[in-house]
Amino acid sequence: MVEAPSPLKRVLVTGGAGYIGSHVVYALQNTRRFKVISIDNHHNSYPKSLLRVSQLSKSELPEGASAQDVETTEIDAHKCDLTQPEQIRQVFQKYGKAGIWGVIHIAAYKAVGESTEIPLTYYANNVGATVSLLQVMAEFECTRIVYSSSATVYGIPPIIPIPETTRLQAESPYGKTKVMAETIIQDLCQAEPERWRAISLRYFNPAGAHPSGVIGEDPRGRPGNLLPLLAHMAVGRVKEDKLMVFGNDYPTPDGTCVRDYLHVLDLASGHLLALDALAPGSTVFDNCPTPARVKAFNLGKGKGMSVYQIVEAMRKATGFDYKTEVIGRRAGDVPDLTADPALAEKELGFKADKDLDTMCRDLWNWQSKNPQGYGED
Ligand SMILES: O=c1ccn([C@@H]2O[C@H](COP(=O)(O)OP(=O)(O)O[C@H]3O[C@H](CO)[C@H](O)[C@H](O)[C@H]3O)[C@@H](O)[C@H]2O)c(=O)[nH]1
């Protein structure tokens, strides 16, 4: 049976149970304008995260909240594999034609090194699944999509800060999957300009957690990324006190790589702005060079931070006495990935305001309250 129409906009989030997905779902709920449907295969995420998001959103409802407000805090969560079109179709069938207003497509594999070892898995999961998703969306007349892309599409960028007009030249299979999916979405919007609207969001380095410490990042296994690794070291989950710094001979102020870290809640707010920009009446596509309604935006702060600056900020937040040892460069690392965030600010009204100390404080709040992440209870 098809669900009855609802005054709330139904938004499907793929990868909703993951680190970024759970914060995006929270942000959607916080507006009280959306009903969230999540699909996730739990490859690198935990269903518990969505239970916690719901609890958090419920706890923030004002007294005497309406039934509709309460409905916004509920999530229709599905365990679903995006490489299986039939599984996606089943979710859309529940809501019928045009029953889902738009999609935020976050689900993907994201480890650069791993993608060089198992490229086919990456192409199937990140590109093939995107094609299947778009096909099912078309079948069900759901033609608005916000796509999670990455700064990795720029490869080794020729200009810092990086504007969106920079040529895309991703190096790893992972990065190439992001370029391909962006291209596929662009081609679709070009082929059917009256039908499709799409925004790709090129994430720089998301960090931190919701300040409640109820949700956060919980990578499976030893974290490969810098901030979760430092958090795991401080909490004793990784029994190391020495961070291996991957190279100090880069052409950067202190020789270590520079990245543009932004708070995950700022990143989540970018998704809301992008989603609203897909609505009729939005002016975001007015200056597109073709009738196609498709754009890409950087989501970053526009402020680069080195590995040593991050270690220092985490030392301040956690009180942990990190030691460091410089080892060779990590394959695939680029010296500097700092966003030019001007376009997203001008056209979407996006600004990543939260500073590095806030990111580290919120990360530590999450990690110290949940030393074993979601796996502990
Ligand atoms: O043990 C470590 C881990 C990281 N680093 C350094 O810390 C910086 C940040 O590394 P992360 O792995 O945290 O982040 P990346 O910028 O490499 O990765 C991010 O960008 C990638 C694309 O470039 C992918 O999108 C990935 O998912 C995303 O987390 C890099 O200079 C890295 O060399 C270390 O020195 N030691």
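Along each chain, the written sequence defines residue order, and numbers are assigned to residues from 1. The predicted origin of the model limits local features to residues at a pLDDT of at least 70 and limits the giving and counting of side-chain atom pairs to 80 or more, whereas totals for whole chains, interfaces and linings rest on all residues.

Chemist: When you look at the packing of helix α8 (residues 226-235) against helix α12 (residues 356-369) in this model, what are you seeing that I'm missing?
Modeler: Helix-helix packing is described using two parameters, namely the angle between the two axes and the distance between the axes. Only the stretch in contact is used when fitting a helix axis, every axis being a line fitted to C-alpha atoms; angles between N-to-C directions are given from 0 to 180 degrees. Strands here mean DSSP runs of E at least two residues long; helices mean DSSP runs of H or I at least four residues long; both are numbered from the N terminus. Two numbers describe how α8 lies on α12: the axes approach to 10 Å, and their chain directions differ by 45 degrees. Comparing their axes, α12 and α8 come out oblique. For α8 against α12, the interelement crossing comes out right-handed. Facing α8, whose interface residues are Leu227, Ala231, Ala234 and Val235, α12 presents Leu363, Trp364, Gln367 and Ser368. What sets the label is the angle itself: under 35 degrees gives roughly parallel, over 145 gives roughly antiparallel, 65 to 115 gives roughly perpendicular, and the rest give oblique. A clockwise turn of the near helix away from the far one marks a right-handed crossing, whereas an anticlockwise turn of less than a right angle marks a left-handed crossing. In this description, any two residues whose backbone-derived C-beta atoms lie within 7 Å of each other are considered to be in contact.

Chemist: Explanation requested: the sheet that holds strand β12 (residues 305-306) in the structure shown.
Modeler: To summarise the sheet geometry, strands pair through backbone hydrogen bonds and adopt either a parallel or an antiparallel arrangement. The pairing criterion is simple: DSSP has to find at least two bridges between the two strands. The strand order across the open sheet built from three strands is β12-β9-β14, with neighbouring strands paired in mixed fashion. The sheet is open, and its two borders are formed by β12 and β14 (336-337), each paired with just one other strand. Bridge count for strand β9 (residues 258-259) against β12 is two bridges, and the pairing is antiparallel. When the sheet's bridge partners are listed, Val258 is paired in β12 with Ser306.

Chemist: Explain the UniProt feature "domain: NAD-dependent epimerase/dehydratase" (unreviewed entry) in the chain to me, please; I cannot follow it from the model alone.
Modeler: Sites flagged by UniProt as "domain: NAD-dependent epimerase/dehydratase" (unreviewed entry) map to residues 11-279. Within the segment residues 11-279, helix and strand shares are 41% and 17% respectively, and the terminal C-alpha atoms sit 13 Å apart. UniProt positions are given in the numbering used here, feature names are shortened, and annotations may be inferred rather than shown by experiment.

Chemist: Would you mind going over the nonpolar core with me for this structure?
Modeler: The nonpolar side chains of a soluble globular protein tend to be buried with one another. Note on definitions: a nonpolar core is a set of buried residues drawn from Ala, Val, Leu, Ile, Met, Phe, Trp, Tyr and Cys, linked by C-beta atoms within 7 Å. Field definition: a residue is buried when 20 or more other C-beta atoms are found within 10 Å of its C-beta, exposed when 12 or fewer are, and partly exposed for counts in between, with C-beta atoms placed from the backbone. Core analysis: the biggest nonpolar cluster contains 101 residues, and Val24, Val25, Leu299 and Leu363 have the highest contact counts within it. Per-element accounting of this core gives the leading share, eight residues, to helix α9 (residues 264-276). In contact with Leu299, not counting residues within four places along its chain, are Leu201, Arg202, Tyr203, Phe204, Leu262, Leu267, Gly270, Ala344 and Phe350.

Chemist: I'm lost on the environment of Ile88 in this one. Help?
Modeler: Relative to the helices and strands, Ile88 is located in helix α4 (residues 85-95). By the C-beta count within 10 Å, which is 25 here, Ile88 ends up buried. Setting aside chain neighbours within four positions, we find Ile88 in contact with Cys80, Leu82, Ser132, Leu133 and Val136.

Chemist: I would appreciate a short explanation of unusual backbone geometry in the present structure.
Modeler: Excluding glycine, residues mostly have negative phi values, and the peptide bonds linking residues are mostly trans. A cis amide bond links Ile160 with the next residue in sequence, Pro161, at an omega value of -5 degrees. Residue placement: Pro161 occurs in the loop between β5 (144-150) and α7 (173-191). Backbone geometry at Ala98 places phi at a positive 60 degrees, although glycine is not the residue there. With respect to the element layout, Ala98 can be found in the loop between α4 and β4 (102-105).

Chemist: It is not clear to me how α7 should be interpreted in this structure. Could you clarify?
Modeler: For α7, spanning 19 residues, the distance from its first C-alpha to its last is 26 Å, which sits close to the expected 27 Å at 1.5 Å a residue. Residues of α7 that are buried include every one of Pro173, Tyr174, Gly175, Lys176, Thr177, Lys178, Ala181, Glu182, Ile185, Leu188 and Cys189, and no others. Elements in contact with the buried residues of α7: α5 (112-117), α6 (119-139), β5, β6 (197-203) and β11 (293-299). By this rule the span expected of a helix is its residue count minus one, scaled by 1.5 Å.

Chemist: Explanation requested: the site of the ligand in the structure shown.
Modeler: We call a residue near a molecule or strand if the C-beta atom, set from the backbone, is within 6 Å of it. With respect to spatial proximity, 19 residues lie near the ligand, and among them Thr152, Asn225, Leu226, Phe246 and Cys257 are the closest. Only α8 and β8 (242-246) provide two or more residues apiece to the shell around the ligand. Per-element tally for the shell around the ligand: the top contributor is β8, with four residues. Considered class by class, the residues forming the shell around the ligand number ten nonpolar, five polar and four charged. Think of it as three bins: nonpolar holds Ala, Val, Leu, Ile, Met, Phe, Trp, Tyr, Cys and Pro, charged holds Asp, Glu, Lys and Arg, and polar takes everything else, Gly as well.

Chemist: Any chance you could explain the pairing of strand β1 (residues 9-14) here in plain terms?
Modeler: For a regular strand, side-chain orientation follows a simple rule: the groups alternate between the two sheet faces. For β1, the buried fraction is high: five of the six residues fall into the buried class. When β1 meets strand β2 (residues 34-40), the two strands line up parallel, connected through six bridges. Bridge pairing links Leu12 to Ile37 in β2. Note on handedness: a clockwise path from strand one over the helix to strand two, with the strands aimed away from the viewer, defines a right-handed crossover. In this region the chain leaves β1, passes through helix α1 (residues 19-31) and returns to the parallel neighbour β2; the handedness of that crossover is right-handed. In this sheet, β4 lies alongside β1 in parallel orientation, the contact comprising four bridges. Among the inter-strand pairings, Leu12 is bridged to a residue of β4, identified as Val103.

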